[in-house]
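# Observations on the three-dimensional arrangement
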Amino acid sequence: FLVSNGIRPEYAIRLYKFYGDGALELLKSNPYILSSDRIGGRFDEADALALSMGFEDDNPQRIAAALIFEMAYNLNNGHCFLPREKLIAATAQLIGVEEELAEESLDILIDEEEVIQEPVVNVTAVYLHRLYEAEVYTAARLRAMAQCIPNPKLDACELAERMELSLNIRY
């Protein structure tokens, strides 16, 4: 089925590994699982398969996959999250749907905890789950490290001088 639709054979192995005997039926009901982290396909490959199978442009599975793709794509630009409004607009433009549909799909992803929405300064940030967890962990570690500073009012130069004296080294 995959090869006849121009999809690489290694995806079949991954699909079977993760979904077992029901993989083909699952793929036919939601071809966008190809672009999941587990399978590793590109969004455009999954989208081409879905559209060739008769999925509509405004299919909720398509919009949800495009939202996740847009967030993952922006990781390459150094972004841990995207502002909600920017994510909705970029996704709508990417796949040619109304922003309201992208917003509805995003709300479903948030409700299902597929993505995390949190306020950050004056922005409503939307994170991929794994990046949200990484950022929360990093912030907690930085707070813990900051508590280890003996006197936070010391400036960096004074603290370095004390360290040099106590360790008998020169930076």
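Placed above this text is the structure.
Quick look at the structure, then.

Each value, and the rule that gives it
- Every chain is numbered independently, its residues counted from 1 as its sequence is written.
- The predicted origin of the model limits local features to residues at a pLDDT of at least 70 and limits the giving and counting of side-chain atom pairs to 80 or more, whereas totals for whole chains, interfaces and linings rest on all residues.
- Side-chain metrics in this entry use all non-hydrogen atoms of the structure; hydrogen atoms and water are not considered.
- Helix and strand assignments follow DSSP, with helices taken as H or I runs no shorter than four residues and strands as E runs no shorter than two, numbered in order from the N terminus.
- Multiply 1.5 Å by the residue count of a helix minus one, and that product is the helix's expected span.
- Exposed residues in this analysis have more than 50% of their type's maximum accessible area, buried residues have under 20%, and partly exposed residues fall in between, with area computed by a 1.4 Å probe over protein chains only.
- All axes are obtained by fitting lines to C-alpha atoms, using only the stretch in contact for helices, and the reported angles, taken between N-to-C directions, cover 0 to 180 degrees.
- Between 65 and 115 degrees an angle is taken as roughly perpendicular, under 35 as roughly parallel, over 145 as roughly antiparallel, and anywhere else as oblique.
- Working rule for contacts: check all heavy atoms of both residues, and any pair within 4.5 Å makes them a contact.
- When residues are sorted by character, Ala, Val, Leu, Ile, Met, Phe, Trp, Tyr, Cys and Pro go into the nonpolar class, Asp, Glu, Lys and Arg into the charged class, and all the rest, Gly among them, into the polar class.
- Two helices that cross are described as forming a left-handed crossing if the nearer one is turned anticlockwise from the farther one by less than a right angle, and a right-handed crossing if clockwise.
- Residues belong to one nonpolar core when they are buried, are Ala, Val, Leu, Ile, Met, Phe, Trp, Tyr or Cys, and are joined through side-chain atoms within 4.5 Å.
- When two rings of Phe, Tyr or Trp (its six-membered ring) have centres within 6.5 Å they constitute a pair, described as stacked for plane angles under 30 degrees, edge-to-face for angles over 60, and tilted for the intermediate range.
- At least two DSSP bridges between two strands are needed for those strands to be called paired.

## Structural notes on helix α8 (residues 156-167)
For α8, which comprises twelve residues, the first-to-last C-alpha distance of 16 Å matches the rise-based estimate of 16 Å (1.5 Å per residue) to within 8%. At the exit of α8 stands N168, carrying a positive phi of roughly 55 degrees.

## Brief notes about unusual backbone geometry
Phi at E113 takes a positive value of approximately 60 degrees, unusual for a residue other than glycine. For E113, the location among the structural elements is in the loop between α6 (99-111) and β2 (115-120). The class of E113 is exposed, set by a relative accessible area of 56%. You will see that N168, though not glycine, has its phi angle at about 55 degrees, which is positive. Relative to the helices and strands, N168 is located in the segment after α8.

## Describing the packing of helix α3 (residues 43-52) against helix α4 (residues 60-75)
Interhelical geometry of α3 versus α4 gives an angle of 170 degrees and a closest axis separation of 11 Å. With respect to α4, the axis of α3 lies roughly antiparallel. Contacts between α3 and α4 pair F43, D47 and L51 from the former with R62, A65, A66 and F69 from the latter. Partitioned by chemical class, the residues of the contact of α3 with α4 number five nonpolar, no polar and two charged.

## Focus on the packing of helix α5 (residues 84-95) against α6
One can describe the packing of α5 onto α6 by two numbers: an axis separation of 9 Å at closest approach and a directional angle of 125 degrees. If you check the angle between α5 and α6, you find them oblique. Relative to α6, α5 is oriented so that their crossing is right-handed. Where α5 approaches α6, its residues R84, L87, I88, A89 and A92 are matched on the opposing element by E99, A102, E103, L106, D107 and I110. Classifying every residue of the contact of α5 with α6 by side-chain character gives seven nonpolar, no polar and four charged.

## Quick notes on the nonpolar core
If you look at the biggest cluster of nonpolar residues, it comprises 35 residues, and the most contacted ones within it are L15, L27, L34, M71, L87, L106 and V115. The dominant element in this core, judged by the number of residues it contributes, is α4, at six residues. Setting aside residues no more than four positions away along its own chain, V115 makes contact with I68, M71, L106, L109, I110, V126 and Y127.

## Quick look at the packing of aromatic side chains
If you walk through the whole model with that rule in mind, you get six aromatic pairs. Aromatic side chains Y32 and F55 sit 6.4 Å apart centroid to centroid with 80 degrees between the ring planes, which places their arrangement in the edge-to-face category. In this pair, Y32 sits in the loop between α2 (23-29) and α3 while F55 sits in the loop between α3 and α4, placing the two residues 23 residues apart along the sequence. The class for F55 is buried, based on a relative accessible area of 15%. Ring geometry for F43 and F69: centres 5.4 Å apart, planes at 25 degrees, overall stacked. Here F43 is found in helix α3, whereas its partner F69 is found in helix α4, with 26 residues between them in sequence. On the basis of relative accessible area, F69 is assigned to the partly exposed category, the value being 29%. Grouped by ring-pair contacts, the aromatic residues Y32, F43, F55, F69 and Y73 constitute a single cluster.

## Thoughts on the sheet that holds strand β1 (residues 81-83)
Pairing within the open sheet is antiparallel, and its three strands lie in the order β1-β3-β2. Each edge of the sheet is formed by a strand with only one pairing partner; in this case those strands are β1 and β2. Across this sheet, the average inter-strand angle for adjacent strands is 30 degrees, counted without regard to direction. Here six bridges tie β2 to strand β3 (residues 123-128), and the two strands are oriented antiparallel to one another. From the neighbouring strand, V115 faces β3, where its bridge partner is L128. Taken strand by strand, helix α7 (residues 129-146) contacts β2 and β3, and its axis lies near 110 degrees from that of β3.

Without other data, these values stay purely geometric and don't point to any function.
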